[in-house]
Amino acid sequence: QVQLVESGGGSVQAGGSLRLACAASGVLFRPYCMGWFRQAPGEEREGVASIDSSGTTTYADSVKGRFTISLDFAKKVLSLQMNSLKPEDTAMYYCASTTGYITTWSRANEYNYWGQGTQVTVSS
C-alpha cells in the first residue's frame, strides 16, 4: 500500500517554471508505474507524464519538451519539472501510482493510489 502527498504547486506567470514533488510512503513493488495527471474545472482528468520501473517515460503531446518527470527511488519522491508554463497548464495536479502492468499510461483508472492534488495556476 502506498500513500502519496503532492507539494510544490503555486501561482506563476506564463513562461515561468515550477517543480512539483510527490512523496511516497509505503512499499512500491516492481513492476510499477507512476504518473502525473491534471484536471481543470469542468474537464476530464488527463495524463501529463508517466515513468515506469524500467525507467521509460511518456509525455502528453501538450507538455512534451517543457515538462520532465523523474523518480528518485531511494528517496521515494516523484517529481515533475515544469518549464515554459502556459495558462492552459492551469489545473489541479495529482500524482498516482500502481503496481503491475498497465495497458494505457494515460488512463486514470489504471492507477490504484492517488495524492490529494496541488494547484498550479499560470497567469498570462
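To keep things clear, this report deals only with the structure shown in the data block. (Residues numbered from 1 in each chain as written. Predicted model: local features only at pLDDT ≥ 70, side-chain atom pairs only at ≥ 80, totals over all residues. Heavy atoms only, no water.)

1. Observations regarding the overall build of the chain
Argument step 1. Summing up its helical and strand segments, the chain has zero helices and eleven strands in all.
Argument step 2. For 124 residues, the compact-globule formula gives about 14 Å, and the C-alpha radius of gyration of the chain, at 13 Å, lands near that figure.
Argument step 3. Oriented by its inertia axes, the alpha-carbon framework of the chain measures out at about 40 × 25 × 25 Å.
Argument step 4. For the chain, the accessible area works out to roughly 6500 Å², and carbon and sulfur atoms hold 47% of it.
Argument step 5. Between the mean site of the 10 positive side-chain charges and the mean site of the 10 negative ones, the chain shows a separation of 7 Å. (Helix = DSSP H or I, 4+ residues; strand = E, 2+ residues; numbered from the N terminus. Rg over C-alpha atoms; globule rule 2.2 N^0.38 Å. Areas by Shrake-Rupley, 256 points an atom, 1.4 Å probe, with all protein chains shown as cover. Lys, Arg positive; Asp, Glu negative; His and termini not counted. Charge placed at Lys NZ, Arg CZ, Asp CG, Glu CD.)

2. Remarks on the nonpolar core
Argument step 1. Ranked by internal contacts, the top residues of the largest apolar core, which has 28 residues, are Trp-36, Leu-80, Met-82 and Tyr-93.
Argument step 2. Of all elements in the fold, only strand S1 (2–7), strand S3 (18–26), strand S4 (32–39), strand S5 (46–52), strand S7 (67–72), strand S8 (77–82), strand S9 (91–99) and strand S11 (118–123) reach the threshold of two or more residues within this core.
Argument step 3. In terms of residue count, the dominant contributor to this core is S3 (four residues).
Argument step 4. Among residues more than four places away in sequence, those in contact with Met-82 are Gly-16, Ser-17, Leu-18, Leu-20, Arg-66, Phe-67, Tyr-93 and Val-120.
Argument step 5. Counting residues in hydrophobic clusters, the runner-up holds five residues, among them Cys-33, Phe-37, Ala-96 and Trp-105. (Core = buried A, V, L, I, M, F, W, Y, C linked by side-chain atoms within 4.5 Å. Buried < 20%, exposed > 50% of the residue type's maximum accessible area, 1.4 Å probe, protein only. Contact = heavy atoms within 4.5 Å.)

3. Regarding the state of the cysteines
Argument step 1. Applying the stated rule across the entire model yields one disulfide.
Argument step 2. The disulfide that involves Cys-22 links it to Cys-95, with 2.1 Å between the sulfurs. An S-S torsion of about 60° defines the bridge between Cys-22 and Cys-95 as right-handed. You can see Cys-22 sitting in strand S3 and its partner Cys-95 sitting in strand S9, a full 73 residues away along the chain.
Argument step 3. In this structure Cys-95 comes out as buried when scored by relative accessible area, which is 0%.
Argument step 4. Unpaired in this structure, Cys-33 has its nearest cysteine sulfur neighbour in Cys-95, at a distance of 12 Å. (Disulfide = S-S within 2.5 Å.)

Shape is all these values report; function is a separate question.
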